[in-house]
Amino acid sequence: MKNISIACIALYKNKVLIAHRNPVGQMGNRWEFPGGKVEDCEDELQAVVREFKEEFGVKVKVGELITENFFEHNGIKRTLHAYRIFVPHRGLFFKYKLTEHTEYKWVNLEEIKSLKFVDSDLLIYEDVKKYNEKIR
């Protein structure tokens, strides 16, 4: 078992794509960077493409690894890798097809601090902000 999770970081100017989880499970009703677990049969880049396709119905291009951190969930230690992704459109003119979320939106990175965000994603928040400043 790999115990690796991935976060998909889509950036546009000073905004990042976030999604609101369905109201089920331990992380229900929270905002997050889209992503999920890496399956045993795939590498991290394949997981990024698969997760985004499953959760939003679009194929993405995977960029560089932005950061990594570690967290524990239900007593299992996991590694979280955040990858820059490039979406074919921003889901504004053609809505993404949501399967794991109730909504998505593009927010200024500073807004994340005021939202009920998934704990593991908050661990990479500062690194995502620094990365965004570097590429602008």
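Coordinates for the structure precede this section.
On a predicted model such as this, the values are computed, not experimentally measured, just so you know.

Explain the overall build of the protein chain to me, please; I cannot follow it from the model alone.
A count of helices and strands for the protein chain gives two helices and seven strands. Listed by position from the N terminus, the elements making up the protein chain come as β-β-β-β-α-β-β-β-α. In terms of overall size, the protein chain behaves like a compact globule, its C-alpha atoms giving a radius of gyration of 14 Å where 136 residues would be expected to give roughly 14 Å. Projected onto its principal axes, the C-alpha coordinates of the protein chain cover approximately 40 × 30 × 30 Å. Within the protein chain, buried positions represent 46% of all 136 residues. Put simply, 65% of the contacts in the protein chain that link residues at least 6 apart link residues at least 24 apart. Total accessible area on the protein chain stands at roughly 7700 Å², and carbon and sulfur atoms take up 51% of it.

For this particular structure, what's the right way to read the pattern of salt bridges?
When the charged atoms of two side chains lie near each other, side chains of opposite charge can form a pair. Following the criterion strictly, the structure yields nine salt bridges and no others. Of the charged contacts in the structure, one is a salt bridge between arginine 50 and glutamate 54, with a shortest N-O distance of 3.2 Å. In this pair, arginine 50 and glutamate 54 are both assigned in helix H1 (residues 44–56), four residues apart and thus about one turn of the helix distant. With a relative accessible area of 43%, glutamate 54 lands in the partly exposed category. Here lysine 129 ties to glutamate 110 by a salt bridge, and the two come within 3.1 Å at their closest N and O atoms. With a gap of 19 residues between them, lysine 129 in helix H2 (residues 119–135) and glutamate 110 in the loop between strand E7 (101–108) and H2 connect regions that are remote in the sequence. Relative accessible area serves as the criterion here: at 12%, lysine 129 is assigned to the buried category.

Before we go on, may I ask you to explain the side chain of threonine 79 in this structure?
Among the secondary structure elements, threonine 79 is positioned in strand E6 (residues 76–86). By relative accessible area, threonine 79 is classed as buried at 18%. Residues contacting threonine 79, with those up to four places away along its chain left out, are Asn3, Ile4, Ser5, Glu68, Asn69 and Phe70.

Can you walk me through H2 in this structure?
Residues lying three or four places apart along an α-helix face the same way, a consequence of the helix completing one turn every 3.6 residues. Between its first and last C-alpha, H2 extends 25 Å over 17 residues, near the 24 Å set by a 1.5 Å rise per residue. At tyrosine 125, H2 shows its strongest bend, of approximately 40°. Along H2, the positions that sit buried rather than exposed are Ser120, Asp121, Ile124, Tyr125, Val128, Lys129, Tyr131 and Asn132. Against strand E1 (4–12), strand E3 (31–32), strand E5 (61–73) and E6 lie the buried residues of H2.

Hey, could you run me through the nonpolar core in this one?
Grouped burial of nonpolar side chains is what soluble globular proteins tend to show. Judged by nonpolar contacts, the single largest core of 19 residues is most densely connected at Ala7, Ile9, Val16, Ile18, Phe33, Ile112 and Ile124. For this core, the secondary-structure elements that each account for two or more residues are E1, strand E2 (15–21), E5, E6 and H2. A per-element tally of this core places H2 first, with four residues. Leu17, Val48, Phe52 and Tyr83 belong to the second largest nonpolar core, which has 18 residues in total.

About the criteria used
- Residues numbered from 1 in each chain as written.
- Predicted model: local features only at pLDDT ≥ 70, side-chain atom pairs only at ≥ 80, totals over all residues.
- Heavy atoms only, no water.
- Helix = DSSP H or I, 4+ residues; strand = E, 2+ residues; numbered from the N terminus.
- Rg over C-alpha atoms; globule rule 2.2 N^0.38 Å.
- Buried < 20%, exposed > 50% of the residue type's maximum accessible area, 1.4 Å probe, protein only.
- Contact = heavy atoms within 4.5 Å.
- Areas by Shrake-Rupley, 256 points an atom, 1.4 Å probe, with all protein chains shown as cover.
- Salt bridge = Lys/Arg side-chain N within 4 Å of Asp/Glu carboxyl O.
- Expected span 1.5 Å × (residues − 1).
- Bend = angle between axes of the 7 residues up to and from the residue.
- Core = buried A, V, L, I, M, F, W, Y, C linked by side-chain atoms within 4.5 Å.

It is worth stressing that arrangement in space is one thing and function is another; only the former is reported here.
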